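Report on the structure
What follows is the residue order along each chain.
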Amino acid sequence: MHDYIRERTISAGRHIVETGETVRATAKTFGVSKSTVHKDLTERLPELQPALADEVKHILNYHKSIRHLRGGLATKKKYEGQKQ
């Protein structure tokens, strides 16, 4: 694994733990695709830092558990904006 990938993976993991951001928001912050961030966090990070990977996994599972609520809120906001 290249050094820049290793550094990006660890940085993204720390970033998610510190901020609680979603994969999409983290991808935008680091200037890479959400697929890259997801692969970094789920496949590469456990090999590099297992303890950090566990913390990140809990945050990702939380976001996954509430994604249906976020989608509903986004739709509600969309249609409320059209009424005006």
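Structure shown above.
Quick summary incoming for the structure in this document.

Each value, and the rule that gives it
Residues numbered from 1 in each chain as written. Predicted model: local features only at pLDDT ≥ 70, side-chain atom pairs only at ≥ 80, totals over all residues. Heavy atoms only, no water. Helix = DSSP H or I, 4+ residues; strand = E, 2+ residues; numbered from the N terminus. Rg over C-alpha atoms; globule rule 2.2 N^0.38 Å. Buried < 20%, exposed > 50% of the residue type's maximum accessible area, 1.4 Å probe, protein only. Contact = heavy atoms within 4.5 Å. Lys, Arg positive; Asp, Glu negative; His and termini not counted. Charge placed at Lys NZ, Arg CZ, Asp CG, Glu CD.

Turning next to the overall build of the chain. Check the secondary structure of the chain and you find four helices and zero strands. Traced from its N-terminal end to its C-terminal end, the chain shows the element sequence α-α-α-α. Taking 12 Å as the expected radius of gyration for a compact globule of 84 residues, we find that the chain reaches 15 Å, considerably beyond that expectation. When the backbone C-alpha atoms are referred to their principal axes, the chain occupies close to 50 × 25 × 20 Å. Scored against the burial criterion, the 84 residues of the chain give a buried share of 27%. Counting only contacts in the chain whose residues sit at least 6 apart along the sequence, the fraction spanning at least 24 positions is 61%. Side-chain charges in the chain split into 16 positive and 10 negative, and the spacing between the mean points of these groups amounts to 12 Å.

Right, let's talk about the environment of Ala53 for a bit. Turning to its location among the elements, Ala53 is positioned in helix H4 (residues 50-83). Taking the C-alpha atoms as reference, Ala53 lies 7.1 Å from Gly13; in sequence the two are 40 residues apart. Here Ala53 is in contact with Leu45 and Pro46, once residues within four sequence places are set aside.

By themselves, these figures tell us nothing about what the structure is for.
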